[in-house]
There are 8 protein chains.
Amino acid sequence: MNNDTRKTLEALERGEISVDEALTRIKTEPFEDIGYAMVDLHRKVMQGAAEVIYGESKTAEQITGIVDVLVEKGQLPVLVTRINEAKAEALAARHDIRYSKEARIAVIGDQPEPDGIGPIVIATGGTSDIPVAEEAAITAETLGNEVVRLYDVGVAGIHRLLAHKEYITQASVIIAIAGMEGALASVVGGLADCPVIAVPTSVGYGAAFEGLSALLSMLNSCASGVACVNIDNGFGAGFIASRINHMQIKKGTEK
Amino acid sequence: MNNDTRKTLEALERGEISVDEALTRIKTEPFEDIGYAMVDLHRKVMQGAAEVIYGESKTAEQITGIVDVLVEKGQLPVLVTRINEAKAEALAARHDIRYSKEARIAVIGDQPEPDGIGPIVIATGGTSDIPVAEEAAITAETLGNEVVRLYDVGVAGIHRLLAHKEYITQASVIIAIAGMEGALASVVGGLADCPVIAVPTSVGYGAAFEGLSALLSMLNSCASGVACVNIDNGFGAGFIASRINHMQIKKGTEK
Amino acid sequence: MNNDTRKTLEALERGEISVDEALTRIKTEPFEDIGYAMVDLHRKVMQGAAEVIYGESKTAEQITGIVDVLVEKGQLPVLVTRINEAKAEALAARHDIRYSKEARIAVIGDQPEPDGIGPIVIATGGTSDIPVAEEAAITAETLGNEVVRLYDVGVAGIHRLLAHKEYITQASVIIAIAGMEGALASVVGGLADCPVIAVPTSVGYGAAFEGLSALLSMLNSCASGVACVNIDNGFGAGFIASRINHMQIKKGTEK
Amino acid sequence: MNNDTRKTLEALERGEISVDEALTRIKTEPFEDIGYAMVDLHRKVMQGAAEVIYGESKTAEQITGIVDVLVEKGQLPVLVTRINEAKAEALAARHDIRYSKEARIAVIGDQPEPDGIGPIVIATGGTSDIPVAEEAAITAETLGNEVVRLYDVGVAGIHRLLAHKEYITQASVIIAIAGMEGALASVVGGLADCPVIAVPTSVGYGAAFEGLSALLSMLNSCASGVACVNIDNGFGAGFIASRINHMQIKKGTEK
Amino acid sequence: MNNDTRKTLEALERGEISVDEALTRIKTEPFEDIGYAMVDLHRKVMQGAAEVIYGESKTAEQITGIVDVLVEKGQLPVLVTRINEAKAEALAARHDIRYSKEARIAVIGDQPEPDGIGPIVIATGGTSDIPVAEEAAITAETLGNEVVRLYDVGVAGIHRLLAHKEYITQASVIIAIAGMEGALASVVGGLADCPVIAVPTSVGYGAAFEGLSALLSMLNSCASGVACVNIDNGFGAGFIASRINHMQIKKGTEK
Amino acid sequence: MNNDTRKTLEALERGEISVDEALTRIKTEPFEDIGYAMVDLHRKVMQGAAEVIYGESKTAEQITGIVDVLVEKGQLPVLVTRINEAKAEALAARHDIRYSKEARIAVIGDQPEPDGIGPIVIATGGTSDIPVAEEAAITAETLGNEVVRLYDVGVAGIHRLLAHKEYITQASVIIAIAGMEGALASVVGGLADCPVIAVPTSVGYGAAFEGLSALLSMLNSCASGVACVNIDNGFGAGFIASRINHMQIKKGTEK
Amino acid sequence: MNNDTRKTLEALERGEISVDEALTRIKTEPFEDIGYAMVDLHRKVMQGAAEVIYGESKTAEQITGIVDVLVEKGQLPVLVTRINEAKAEALAARHDIRYSKEARIAVIGDQPEPDGIGPIVIATGGTSDIPVAEEAAITAETLGNEVVRLYDVGVAGIHRLLAHKEYITQASVIIAIAGMEGALASVVGGLADCPVIAVPTSVGYGAAFEGLSALLSMLNSCASGVACVNIDNGFGAGFIASRINHMQIKKGTEK
Amino acid sequence: MNNDTRKTLEALERGEISVDEALTRIKTEPFEDIGYAMVDLHRKVMQGAAEVIYGESKTAEQITGIVDVLVEKGQLPVLVTRINEAKAEALAARHDIRYSKEARIAVIGDQPEPDGIGPIVIATGGTSDIPVAEEAAITAETLGNEVVRLYDVGVAGIHRLLAHKEYITQASVIIAIAGMEGALASVVGGLADCPVIAVPTSVGYGAAFEGLSALLSMLNSCASGVACVNIDNGFGAGFIASRINHMQIKKGTEK
């Protein structure tokens, strides 16, 4: 039950609304049913974040329909993840979007000024991990964070990472992205004194097993202070990194 | 390369030390070699955290030997995780320890005053998850956090969780701990607006496959803002939660 | 041995048929051999259900051939599952079919009036699960059940599900369909007091491992009263739900 | 939200209770917090079933503590599953229990008269599956069902099963329990016209992989009308079978 | 070392050949090196079987090149397995072949008269398993066996199999082919008193995991007298079945 | 339906028995229900083999009970597999047994004269595979076969195997038993011209994964003429090898 | 820290450079940042090997960009692995390349004279493994090794391998490449007295599981002296084989 | 065929021996059959290494029996791996052994002077990996190598490894041993210019899956020049490292 429940109960106590009205309000306010989707209209209030649509297995029509409702209600910005070019074009026909083909991500609405407590550093093991990194980066930027990109600093050439150690030290959160053996997360975790969000990628072949190798590595990191999201889940990493980077703002607002 | 490198280089430039001395300093200061372990003496400075010893496959002699060095150098508090009763008794014969048999954790040194930005809420799906939860709780408390315990609020009785929603709302970080299907992380993730660290446990049988089921669930959480640590890794969750809860302090100190 | 055995034995006892005839009857009545398939003609009698053809790896010719035999013997309705558009068109050239492209299902024969003991509620975690849900829904409707569709009520926004709790309460059977972490089954299972059939879907990526994550979740559900069918098996869920919903009718008929 | 919500809201509207009281009621009635467990006191009302305690990883003290609360509130009967002899003895010291060592199950409270729509048939592939079968049988009997035991009728000797086909025909629900290759579920599913709940067991060795082989078999059953529970989950099968067997009673009561 | 070794040694002893010649003979007779393949020219003598080429990952040129050598040396018949239509056409341009598109198999050379001790019965669970069955059937026929095809007799309709029990009884070897849960092997194994070769197929979806489910079932068959080959390996089953069916001939010849 | 069915039908036709009697005979003759087991009394007739009891998860009482029935009906010999010393002692108290501790197998009844078409060769990769090999050997000997033991001839020292090639050549069937990488089956398969039954063992560690490595190797054997049984299933290999070795006798008898 | 560090420190001590210059040198010399990649310019010095670019998931533009930098700095030869024809054509438009379509490898720069201590023998189980073998062979040749190709000598025809035993004996390193059951590595390992590098390939189907079967076999090799690289990793095998083959040269140079 | 074959053939040509004698020699010289084992007596000659007995699943009697034969034939030194204390004591009763309880390894015979081309460096990620490291170290020392132990230098504290970089640079071969995420191999591989043999260990818990995580990491190492042995296979790593370290000696001897 959210805070609206108390307001609804108080309105009921004051006789302003009926019991049925109270029941209706509690149930129906937070989302709008458009047949194939329950569009969530108060997630922004509840979670302080942009709206996100997972585009992978939705049709262009479904994506556009959900965006229509959100834009109409002023729920901006909206992030659409895992959206291919064809769907992005269909969406662009009705809405003003910024689209990254590499990251397969579309944004509707302005990019806010960064207001977190520090930069989010996004490091990748190799060049091949960049699409996932860009998904994380655009997500974090859209949610109001400064992002530092540190690409192709994998552990096979440890000096490349060590040469940039000041970024590691100054980061508010680090997102470590790697495929193959995923060792980057452990090395970064050993160097950093901030939270590290590890993202395994499906880069590799054979015994990489579509990212399983990197995933297990990251879950078993011998460095403390590392937590992991799903394989190739750049969005998820950017989202939780932003949450971490905005905690004191939320707390300041609350009191 | 850490900040000491600059200091060493400046001393070299001023002619206070030789090249060989400079090389020696860079290499040898940070740890002490006691034969079977390189005891890390500047991790506390680097990472702002207590020292941690993974006790599982170390002998009582090895654990005690490492603690001896740390205590002598004043590196307190020290956490020893996954330490059974026999080893804890051996350790207690030489050092003053607080020991939780349930969490298999020993602490040497005083518990600090909580100074994070808010409470860390630790929720478990069932009673059987409590040992992992206590490992997380004692870790977080030893690292200077207030902990709220919310045990046995699994999703099969969703009202038990909803009844405590204010804790979810006020948390600075939530640690969601569950075995079996691990659905708690997703439900908590959907209700919370702070980072959620998910801990799968090996509670369950059959197709729980020693925690694999819960692990996969948590990695695939449909809620945003959830990251995951290893199966039964209460310590890891408590550690990163503390990091998140102290970011603004570190940042405040830095500037 | 089915009831026909007794009839055959009685005819033999009365001398109406020979031993060889008796042996032949016992063996050959129940199906018709059309070379590549043994078309089962008394399954309807035995199991009280429509005929079902699994279309995935059958050619259009094979599907049409089997339907021909069933229609000729009056075994209606016939469900063809996992049939793509091309095969459906070939089938439509010879028979009157209703085809759902989304659910990849074709029906030959009229849809019966619902006669189960109550509605079957079909809930999905997301929009992407709808094709599987429609396969379940059309199957259940074709077998004589009222279906209530409750789509996109995943646990990341638990209020969407709670707002429709009356449907959960009134259901005769609930089919809970979800991919990713599959937590919907547990939450629904905790709220319901009727049997819940869980269907994991292959929706998701990375550690979803083509539905494995959701499957394990559902098998390990901490809620009682949940049983599971194969990944993406909407048909199987609709079929057993119908069986459950018609038990008292069968029992009434029997006595 | 359950029906009590409406009652509470009506009391609030009539001014009989305050807003705070209303909030408290909604939250606190359904369970009692005893520190290590939230004992659920209205599950019986909600789900029409006995209370169940999963004893595996709970201490004797925890089990006894939970039973104490349930017995005090009159929530009988209580089933304790996966409880070993030592814990059962501890429980027997305070409560009157019926204990099956083979099924590792304890029951507190009287066994009710069977009132479902027909018998539940429990079939096993071999002698080794009997412990799981007894867990299912005792669960079903405690929940008010007549149980027919049909043990050691595995498919390697198909005539043993065929000889008992009348039980298959008359069953209201069948629970098919088998390890190794788990083929029993498919054969029973092909013979039956009622719902079949399949229980894979961990009986076997080598490539049985602790029940995985039987589990996959049962999930992939080529027979329609089969759903599956977790490996060795006799309780879960007995529980959902009872639900299915009592649906018309619930429906009759509701109207 | 084969029998030719003795002959070579005897020739050496008689002074007919030199040591170097002896070494050369031992090494070079049995195969011809054509660069990309060591074509085995005495396998027929050693193993009493046709030559077999696994066509899957060989180019049309490689296949034709190997066939050229074999035909030239009179090593007929030759079986080419897993050869697609394009490669088969290329082969047909140079050699006289019989090609089954369904079984993806090509045969060069005449089909011999059956001379085994009895018929090989090939049973499939469903229509979708027929391509694998045909690969087995054509292999067995080419190796001199009578084949009885018994398709679509899966265990979900056990009467279809029981109606043909005399074939089961009269078989010299039975090949049981099934996907999904693969239960056919166990049921056939229970009815038969001859060796049963089980072939799991990749027919199915979801938790069938590309044939893994059927494979595990068949390996764990509770019926004695069942052995298993690789998923979809119709050729392997036909080959070993032929071996079994010709043992007494080989033995008769030997003495 | 077995041959008794015809006899029963003929008796019914002659009026010697009633329909009910006919039904009873068909159902009840083949086994005896002793509560926890359906003891199969006509398997010997049907399958021409000794009775086998899988002792692993049966109690000493259950094993003895089943043996009692079989001995009383004269169904000898009886093999009890996977029976530990304690259970064997309990069995020996009532019956005359031959027991192999290494193979964990007990035999009741005399060992017959070998009457197959040739020797069964049992080869192992190492010394550690001998217990599985002895289970196969005793099984085969009890079923009337001559057995040649060829132990510790693994492929790492290929000359050890090549030195015994005449056994490979003269065998009627070869059982190839190996753990670790299981390569023995392929090498033997390439040398032999008789059927090869491969038995993977759980010998090894690490990535041997309890026999999985050897199992996959043997299923993927590049040699033709190899089929596989379950990990450590010495009994199964001995049983099917005996079947193969007796086919011509069965066929001779039949005609 | 490499040797340059000492030089930089000495320059600093001599007052030739400032502290900031020293820091800059240490950090920036070894690679050049071209945005999407940190091109490593001193790996050749450090590791004594050619530069290698993993082309699989890099665009043609990225590959060409990296090659541009390397060629400009004179870092030849450059190997580009897993590069398809289209990308190779794009690269050939700017640089002089030797391209093997079969091995998907491109080389820029001259092939050096072989200078290792002996030949590297590359053996494959079958014709289908040749692409992986060619990747290994071209890698080894480009790094200055003599390569002996021994293709299609799989263990199913062990005489093909034994006939070439002198190559096995004379090799400096052997690379054993096989799919399916991967037994070649063990047999070669048993015959050789030099290090054996095993390469599992994804050749096979069904339970080969994309190379997993061969991988596990090779890891569990009962022969000593075998180590393994990733599935299909011809490059990795060629690279480490070259390292082994050049160790004494490096050692000679060092002293 | 080894060189003895030529000698035997020459003796035959000279008429010194008969054909049968020639056959006998070829077959029987290289090993001695002691019933349960074929003790290999010319492996030392063939492979230039000590004899090795895998003690895990052999009885004390079997181990002692094999050692007896080897000692009698002067095949020293003998390594017995994976031998527990009880078996070691039994062995010590008959032979003079050096036993390491930690490494579970026993050596019979003198330790030779190191004669490889340089030191073998053995690095471990943590203290818990030391038993595996000692198995590798003792193996390498017994085979004539100088060993440098570098324990507890895991990547979570990268400065501990970097401080010892001169050992990495001077090594002839490096053995990198680590559990959990196994990242040590990649970091070492990136720093080294000699071959790196990676050994995953079963150290860790949860998603470490008994060493699977480290194994996959090491197989997918992004550093070139790394090959992998089985989980916990310290012996295998020490053996191949010794082979690599002695290649030039072998080659020198050969010419």
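Cut-offs and rules
- Residues numbered from 1 in each chain as written.
- Chains lettered and ligands numbered in written order.
- Predicted model: local features only at pLDDT ≥ 70, side-chain atom pairs only at ≥ 80, totals over all residues.
- Heavy atoms only, no water.
- Helix = DSSP H or I, 4+ residues; strand = E, 2+ residues; numbered from the N terminus.
- Buried < 20%, exposed > 50% of the residue type's maximum accessible area, 1.4 Å probe, protein only.
- Contact = heavy atoms within 4.5 Å.
- Buried area = accessible area lost by both parts, 1.4 Å probe.
- Salt bridge = Lys/Arg side-chain N within 4 Å of Asp/Glu carboxyl O.
- Nonpolar A, V, L, I, M, F, W, Y, C, P; charged D, E, K, R; others polar.
- Phe/Tyr/Trp six-rings, centres within 6.5 Å; stacked < 30°, edge-to-face > 60°.
- Lys NZ or Arg CZ within 6 Å of the ring centre and 35° of its normal.
- Least-squares fit on C-alpha atoms with pLDDT ≥ 70 in both.
- Pairing = 2+ DSSP bridges.
- Axes fitted to C-alpha atoms, helices over the stretch in contact; angles between N-to-C directions.
- Domains from an automatic or database assignment.
- Polar contact = N/O pair within 3.5 Å; in protein donor to acceptor, adjacent residues only side chain to side chain.
- Expected span 1.5 Å × (residues − 1).
- Patch = residues over 30% accessible without salt bridge, like charges linked within 9 Å, V, L, I, M, F, W, Y side chains within 5 Å.
- Areas by Shrake-Rupley, 256 points an atom, 1.4 Å probe, with all protein chains shown as cover.
- Lys, Arg positive; Asp, Glu negative; His and termini not counted.
- Charge placed at Lys NZ, Arg CZ, Asp CG, Glu CD.
- Parallel < 35°, antiparallel > 145°, perpendicular 65-115°, else oblique.
- Left-handed = near helix turned anticlockwise from the far one by under 90°.
- Right-handed = clockwise from strand over helix to strand, strands pointing away.
- Disulfide = S-S within 2.5 Å.

> Looking at this model, I keep getting lost on the overall build of chain A. Mind explaining?
Counting secondary structure elements, chain A contains twelve helices and eleven strands. Considering chain A as a whole, with its 255 residues, one finds that 68% of them fall into the buried category. Partitioning the contacts of chain A with sequence separation of at least 6, the portion at a separation of at least 24 is 66%.

> Would you explain the interface of chain B and chain A in this entry?
Size of an interface, as often reported, equals the accessible area lost when the parts are brought together. In this assembly, 41 residues from chain B lie in contact with 41 residues from chain A. Between chain B and chain A, a total of about 3,500 Å² is buried, with carbon and sulfur atoms accounting for 57% of that surface. Taken together, chain B and chain A are joined by zero salt bridges. Within the residue set of the side of chain B that touches chain A, elements represented by two or more residues are helix H3 (43-47), helix H8 (165-170), helix H9 (184-191), strand S10 (196-200), helix H10 (212-219), strand S11 (226-228), helix H11 (234-245) and helix H12 (247-254) of chain B. Looking at the side of chain B that touches chain A, its residues break down into 22 nonpolar, twelve polar and seven charged.

> I tried to follow the pattern of salt bridges on my own but got confused; where do I start?
Pairing between side chains becomes possible if they bear opposite charge and their charged atoms approach one another. Within this structure, the stated rule accounts for 51 salt bridges over all chains. Across the salt bridge formed by Arg149(C) and Glu141(C), the nearest N and O atoms sit 3.0 Å from each other. For Arg149(C), a relative accessible area of 33% puts it in the partly exposed group. The salt bridge partner of Glu85(E) is Lys101(E), with a shortest N-O separation of 3.8 Å. Note that Glu85(E) is positioned in helix H5 (residues 85-92) and Lys101(E) in the loop between strand S5 (97-100) and strand S6 (105-108), a separation of 16 residues in sequence. By relative accessible area, Glu85(E) is classed as partly exposed at 39%. Each of Glu134(A), Glu141(A) and Arg149(A) takes part in salt bridges that share partners, so that together they form one network.

> Help me understand the packing of aromatic side chains, please; the structure alone is not making it clear to me.
The geometry of an aromatic ring pair comes down to the distance between the two centres and the angle between the two planes. A full pass over the atoms with the stated rule returns 16 aromatic pairs over all chains. On the numbers, 5.7 Å between centres and 55° between planes, the contact of Phe235(A) with Phe239(A) is tilted. Pair noted here: Phe235(A) and Phe239(A) are both in helix H11 (residues 234-245), with a separation of four residues, about one helical turn. With respect to burial, Phe235(A) and Phe239(A) carry one shared label: buried. Lying over the aromatic face of Tyr205(B), Arg82(D) brings its terminal NZ or CZ to 3.6 Å of the ring centre.

> Mind showing me how you'd approach the relation of the copies chain B and chain A here?
Both copies of the chain are placed relative to one another by a rotation about an axis and a shift along it. Placing chain B over chain A gives an RMSD of 0.1 Å and needs a rotation angle of 180°, together with 0.0 Å of translation along the axis. Such values leave the two copies arranged in the relation of a two-fold axis. No C-alpha of chain B lies nearer the rotation axis than that of Cys228(B), which sits 2.5 Å from it. When the interface residues of chain B are mapped onto chain A, 100% of them again lie at the interface, so the same face is used by both copies.

> Please explain the sheet that holds strand S5 (residues 97-100) of chain B as it appears in this structure.
The pairing of strands in a sheet comes from backbone hydrogen bonds and takes either a parallel or an antiparallel form. Residue and element names in this part refer to chain B. Across the sheet, which stays open at both edges, the four strands sit in the order S3-S4-S6-S5 with mixed pairing between neighbours. The open sheet has two free edges, formed respectively by strand S3 (51-54) and S5, since each of these has just one partner strand. Between one strand and the next, the sheet's axes are offset by a mean angle of 15°, whatever the strand orientation. Pairing analysis gives four bridges linking strand S4 (residues 78-81) to strand S6 (residues 105-108), with the strands arranged antiparallel. Counterpart to Val-80 in the pairing with S6 is Ala-106. Contacts from helix H4 (residues 60-72) reach S3, S4 and S6 within the one sheet, and its direction differs from that of S3 by about 170°.

> I tried to follow the sheet that holds strand S4 (residues 78-81) of chain D on my own but got confused; where do I start?
All names here are of chain D. An order of S3-S4-S6-S5 is seen for the four strands of this open sheet, with the pairing classed as mixed. Since the sheet does not close on itself, it has two edges, and those belong to strand S3 (51-54) and strand S5 (97-100), each with one partner. Sheet twist, expressed as the average angle between the axes of neighbouring strands with direction ignored, equals 15°. Summarising the sheet, S5 and strand S6 (residues 105-108) pair through four bridges and their orientation is antiparallel. Bridge assignment links Tyr-99 to a residue of S6, and that residue is Ala-106.

> Please clarify how the domain arrangement of chain A should be interpreted in this entry.
Residues and elements named next belong to chain A. By the assigned domains, chain A splits into domain 1 (29-108) and domain 2 (120-245). Facing 13 residues of domain 1, the contacting portion of domain 2 comprises 13 residues. Taken together, both faces of the contact between domain 1 and domain 2 bury some 1,100 Å²; the carbon and sulfur share is 68%. Of all residues in domain 1, the largest losses of buried area upon contact with domain 2 belong to Arg-82, Glu-102 and Ala-103, amounting jointly to 37% of the total for that side. At the surface where domain 1 touches domain 2, the tally comes to zero salt bridges. Applying the counting criterion to the domain 1 and domain 2 interface returns one residue pair in polar contact (both at pLDDT 80 or more).

> Please explain helix H6 (residues 130-142) of chain H as it appears in this structure.
An α-helix turns once per 3.6 residues; consequently, residues spaced three or four apart project the same way. Residue and element names in this part refer to chain H. Relative to the 18 Å expected for 13 residues at 1.5 Å per residue, H6 spans 18 Å between its end C-alpha atoms, a close match to the ideal helical length. When you tally the buried positions in H6, you get twelve out of 13 residues, the bulk of the element. Along H6, the positions that sit buried rather than exposed are Ile-130, Val-132, Ala-133, Glu-134, Glu-135, Ala-136, Ala-137, Ile-138, Thr-139, Ala-140, Glu-141 and Thr-142. At the C-terminal side of H6, Gly-144 shows a positive phi close to 95°.

> Sorry, what's going on with the side chain of Asn233(F) here?
Note on placement: Asn233(F) falls in the loop between strand S11 (226-228) and helix H11 (234-245). Asn233(F) sits in the buried class, given a relative accessible area of 12%. Within the local environment of Asn233(F), its side chain forms a polar contact with the backbone nitrogen of Gly236(F), the two atoms lying 2.8 Å apart. Discounting residues that sit within four places of it in the chain, Asn233(F) has contacts with Tyr205(D), Glu135(F) and Val199(F).

> Help me understand the side chain of Ser224(C) in this model?
Relative to the assigned elements, Ser224(C) resides in the loop between helix H10 (212-219) and strand S11 (226-228). Leaving out residues up to four positions away in the same chain, Ser224(C) has contacts with Gly189(C), Phe235(D), Phe239(D) and Arg243(D).

> So what exactly am I meant to see when it comes to a negative patch on the surface here?
There is a patch of like negative charges on the surface, built from Glu210(A), Glu210(C), Glu210(E) and Glu210(G). By the secondary structure assignment, Glu210(A) is in the loop between strand S10 (196-200) and helix H10 (212-219). With a relative accessible area of 62%, Glu210(A) lands in the exposed category.

> Explanation requested: the packing of H10(A) against helix H10 (residues 212-219) of chain H in the structure shown.
For any two helices packed against each other, one specifies the inter-axial angle together with the distance between the axes. Between H10(A) and H10(H), the shortest axis-to-axis distance is 8 Å and the interhelical angle comes to 125°. With respect to each other, H10(A) and H10(H) are oriented oblique. The chirality of how H10(A) crosses H10(H) is left-handed. Contacts between H10(A) and H10(H) involve Leu212(A), Ser213(A), Leu216(A) and Ser217(A) from the former and Leu212(H), Ser213(H), Leu216(H) and Ser217(H) from the latter. Across the contact of H10(A) with H10(H), the residue classes break down as four nonpolar, four polar and no charged.

> Before we go on, may I ask you to explain the pairing of strand S4 (residues 78-81) of chain A in this structure?
Within a regular beta strand, the side chains point alternately toward one face of the sheet and then the other, so they alternate between its two faces. Residue and element names in this part refer to chain A. Burial along S4 is two-sided: the residues Val-78 and Val-80 and Leu-79 and Thr-81 are all buried. Sheet topology places strand S3 (residues 51-54) next to S4; four bridges connect them, and they run parallel. In the strand pairing of S4, Glu-51 is matched with Val-78. A crossover connection joins S3 to the parallel S4 through helix H4 (residues 60-72); in handedness this β-α-β unit is right-handed.

> Looking at this structure, I do not really get the state of the cysteines. What am I missing?
Residue and element names in this part refer to chain C. Summed over all chains, the structure comprises zero disulfides over all chains. Considering cysteine sulfurs only, Cys-228 is the nearest to Cys-194, which forms no disulfide, with 16 Å between them. A relative accessible area of 0% means that Cys-194 is categorised as buried.

> I tried to follow unusual backbone geometry on my own but got confused; where do I start?
As a rule of thumb, non-glycine residues mostly have phi less than zero, and peptide bonds are mostly trans rather than cis. Cis geometry marks the peptide bond from Leu76(A) to Pro77(A); its omega dihedral reads -5°. With respect to the helices and strands, the residue Pro77(A) is situated in the loop between H4 and S4. At Asp152(B), a residue that is not glycine, the phi angle is positive and equals roughly 65°. Tracing the sequence through the fold places Asp152(B) in the loop between strand S8 (147-150) and helix H7 (158-162). The class for Asp152(B) is buried, based on a relative accessible area of 9%.

> How do you make sense of the pairing of strand S7 (residues 120-124) of chain A when you look at a structure like this?
Residue and element names in this part refer to chain A. Taken across its five residues, S7 has five buried, putting it largely inside the fold. On S7, burial covers both faces: Ile-120, Ile-122 and Thr-124 on one face and Val-121 and Ala-123 on the other are all buried. Between S7 and its parallel partner strand S8 (residues 147-150), the chain crosses via helix H6 (residues 130-142), and the hand of that crossover is right-handed.

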